[in-house]
Amino acid sequence: MNQKILHTPEGLRDIYGDECERKQIVEQKLHDVLASYGYRDIETPTFEYFDVFGSDVGTIPSRDLYKFFDREGNTLVLRPDFTPSIARAAGRYFLDTDRPVRLCYLGKTFVNHQEHRGRLKENTEIGAELIGEGSADADAEIIAMANDMLLAAGLSDFQISIGHVGFFESLVEEAGIDEETVHHLRILIHNHNTFGVEKLLSEKCIDPRISRILSSLTVMNGGEEMLEKAYGMTQGLKAQDAVCRLKEVYRLLQILGLEGHVSFDFGMLSTYMYYTGIIFRGYTYGTGDAVVKGGRYDDLLSHFGKDAPSAGFVVVLGNLMNALQRQKIQISMDTERTLILYSDASRDEAHRKAAAMRREGACVELVLTDGRTLPEEMTGYTQVIKL
């Protein structure tokens, strides 16, 4: 037998047994939070037309997509990101709706990372999108939901770091930096590479004052004091508007009592180019990447025929489960499991008893013992019945 077929491709893994059950329990807890905010479920296809995730949308680069063709020759891709899929669906089904639309989802995303480095290429994500609401209240709502979902999962030691893409964009517009340089600058700031930022900007003829501000973004993170610091750093109206928006969002989060889990990061720059306002990530220890990712994308839906300000986020289940495990946070599995061991002589009695117990809502497994060698102690069961 070809041993290769027993293994999953690189970047994929099987989840089974207690691990799978714990994951499903956490998924339900997270979904309950979304439902409590009035979000309703939507399911979109696992693969879509390539144009839904094209470069003009600003999502995953084409080289990182899983692409294939249908019988008509159309290019299809496995969904790398939920937000464009939800935006497409909103453009079709909620085109004439003026009221805010609250949608939530659970499913898989697929990204063919060029450099694997231990990252999974298939991830389960649960998230929400608030469509048609452009206020600071909407920004605060999605951040509050993300906070409540992490608490519901069992985390207590985490931080939601918030930034605003408008601050960075204001600086590069004021400096007159070309698009290619902006692209490299984004990567360097995202990677907190201060030396790289300074070297790149030193090769450009830009205002030294703006150069110093851009270089400082790699370390410009902290508490509420960062807001006043950022506001005083530049006279750019777009940058100051971004800070004012963050102040208003923070005020609302204080009203909700969530300020203890919130910090600010003016060097936060997402690889998703469709973000137009706040962006945020949730971090905890025990995982190498964010457990929550989200932000505002006011222009995205226009690609799908609907002009509507929107915001949303996802919880990456794999990262969250890793954090829970490494922090030794127990996930209660309350299901009572009964095992009935029976012989050929007691077969009828065993099946009748199991059926009666299942009708009462019990979880019952049947094992025929004749001719089998079973462990002396059967673990994982609330009770073991021998017939």
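Thresholds, definitions, all that
- Residues numbered from 1 in each chain as written.
- Predicted model: local features only at pLDDT ≥ 70, side-chain atom pairs only at ≥ 80, totals over all residues.
- Heavy atoms only, no water.
- Helix = DSSP H or I, 4+ residues; strand = E, 2+ residues; numbered from the N terminus.
- Buried < 20%, exposed > 50% of the residue type's maximum accessible area, 1.4 Å probe, protein only.
- Contact = heavy atoms within 4.5 Å.
- Areas by Shrake-Rupley, 256 points an atom, 1.4 Å probe, with all protein chains shown as cover.
- Pairing = 2+ DSSP bridges.
- Axes fitted to C-alpha atoms, helices over the stretch in contact; angles between N-to-C directions.
- 1 Å grid on protein atoms, 1.4 Å probe; cavity = no way out; pocket = protein on both sides within 12 Å on 5 of 7 lines; lining within 4 Å.
- Points joined across faces, edges and corners; volume = space filled by probe spheres on them.
- Salt bridge = Lys/Arg side-chain N within 4 Å of Asp/Glu carboxyl O.
- Core = buried A, V, L, I, M, F, W, Y, C linked by side-chain atoms within 4.5 Å.
- Parallel < 35°, antiparallel > 145°, perpendicular 65-115°, else oblique.
- Nonpolar A, V, L, I, M, F, W, Y, C, P; charged D, E, K, R; others polar.
- Phe/Tyr/Trp six-rings, centres within 6.5 Å; stacked < 30°, edge-to-face > 60°.
- Expected span 1.5 Å × (residues − 1).

1. A few points about the overall build of the protein
Okay, step 1: Along the backbone of the protein there are 11 helices and 15 strands.
Okay, step 2: In terms of overall dimensions, the protein has a C-alpha envelope of 90 × 55 × 45 Å along the principal axes.
Okay, step 3: Put simply, the protein has 387 residues, and 46% of those count as buried.
Okay, step 4: Residue pairs at least 24 apart in sequence account for 71% of intrachain contacts in the protein once pairs closer than 6 positions are excluded.
Okay, step 5: Summing over all exposed atoms, the protein offers an accessible surface of approximately 20,300 Å²; the carbon and sulfur share of this is 48%.

2. Focus on the sheet that holds strand 13 (residues 337–342)
Okay, step 1: Across the sheet, 3 strands lie side by side as 14-13-15; this open sheet has parallel pairing. Unpaired on one side and paired on the other, strand 14 (363–368) and strand 15 (383–386) mark the two borders of the sheet. This sheet shows a mean twist of 20° between the axes of neighbouring strands, independent of strand direction.
Okay, step 2: Relative to strand 15, strand 13 is paired through 4 bridges, and the arrangement is parallel. When the bridges of strand 15 are listed, T338 appears paired with Q383.

3. So, the layout of surface pockets
Okay, step 1: One number sums up the size of the second largest pocket: a volume of about 500 Å³.
Okay, step 2: Along the wall of the second largest pocket there are 22 residues; nearest its centre are R13, E19, G318, M321 and N322.
Okay, step 3: Put simply, the parts of the chain that give the lining of the second largest pocket at least two residues each are helix 1 (17–36), strand 6 (122–131) and helix 10 (317–326).
Okay, step 4: The element that contributes the greatest number of residues to the lining of the second largest pocket is helix 10, accounting for 6 residues.

4. Notes on the side chain of R186
Okay, step 1: Tracing the chain through its elements places R186 in helix 5 (residues 179–190).
Okay, step 2: Leaving out residues up to four positions away in the same chain, R186 has contacts with F168, E169, L269, S270 and M273.

5. Thoughts on the sheet that holds strand 6
Okay, step 1: One open sheet holds the 9 strands; their spatial order is 1-5-6-12-11-10-7-9-8, and the pairing between them is mixed. What marks the edges here is a single partner per strand, and that holds for strand 1 (40–41) and strand 8 (221–222).
Okay, step 2: Sheet strands in contact with helix 1 are strand 1, strand 5 (101–110), strand 6 and strand 12 (310–316), and its direction is about 5° off that of strand 6.
Okay, step 3: The sheet contacts of helix 4 (residues 165–175) involve strand 7 (158–164) and strand 10 (278–284), and relative to strand 7 the element is tilted by about 35°.

6. A word on the pattern of salt bridges
Opposite charge on two side chains lets them pair, provided their charged atoms get close.
Okay, step 1: Tallied over the entire structure, the rule returns 17 salt bridges.
Okay, step 2: Of the charged contacts in the structure, one is a salt bridge between K238 and E173, with a shortest N-O distance of 3.2 Å. Of this pair, K238 sits in helix 9 (residues 237–255) while E173 sits in helix 4; the two residues are 65 residues apart in sequence, bridging distant segments of the chain.
Okay, step 3: Classification of K238 as partly exposed rests on a relative accessible area of 33%.
Okay, step 4: E203 is paired through a salt bridge with K199; the nearest N and O atoms lie 3.1 Å apart.
Okay, step 5: Judged by its relative accessible area of 45%, K199 is partly exposed.

7. Some thoughts on the nonpolar core
Okay, step 1: By size, the foremost hydrophobic cluster in this structure holds 71 residues, and its most contacted members are L185, L214, F266, F280 and F313.
Okay, step 2: Of the residues forming this core, the biggest block, 11 residues, is contributed by helix 3 (residues 136–153).

8. Structural notes on the packing of helix 4 against helix 9
Okay, step 1: At a minimum axis separation of 7 Å, helix 4 and helix 9 run at an interaxial angle of 170°. Our classification of the angle between helix 4 and helix 9 gives roughly antiparallel. Along its contact with helix 4, which presents G166, F167, E169, S170 and E173, the element helix 9 presents K238, A239, A242 and V243.
Okay, step 2: Its residues placed into classes, the contact of helix 4 with helix 9 shows 4 nonpolar, 2 polar and 3 charged.

9. As for unusual backbone geometry
Okay, step 1: A positive phi is found at H192, a non-glycine position, where the angle reads about 55°.
Okay, step 2: Inspection of the secondary structure assignment puts H192 in the loop between helix 5 and helix 6 (194–202).

10. Regarding the packing of aromatic side chains
How two aromatic rings sit relative to each other is set out by the distance from centre to centre and by the angle between their planes.
Okay, step 1: The final tally for this structure, using the stated rule, is 9 aromatic pairs.
Okay, step 2: Look at Y274 and Y297: their rings are 5.9 Å apart centre to centre, the planes differ by 75°, and that puts the pair in the edge-to-face class. One end of the pair, Y274, is in the loop between strand 9 (262–265) and strand 10; the other, Y297, is in the loop between strand 11 (292–296) and strand 12, with 23 residues separating them in the sequence.
Okay, step 3: By relative accessible area, Y274 is classed as buried at 4%.
Okay, step 4: Taking the centre distance of 6.3 Å and the plane angle of 45° together, the rings of F280 and F313 count as tilted. You can see F280 sitting in strand 10 and its partner F313 sitting in strand 12, a full 33 residues away along the chain.
Okay, step 5: Through successive ring pairs, a cluster of aromatic residues spans Y272, Y274, Y275 and Y297.

11. A word on helix 3
Okay, step 1: Between its first and last C-alpha atoms helix 3 spans 26 Å; for 18 residues at 1.5 Å apiece the expected length is 26 Å, and the two agree.
Okay, step 2: The element helix 3 is extensively covered by neighbouring structure, given that 14 of its 18 residues are classed as buried.
Okay, step 3: G154 occupies a position one or two residues after helix 3 and carries a positive phi of about 115°.

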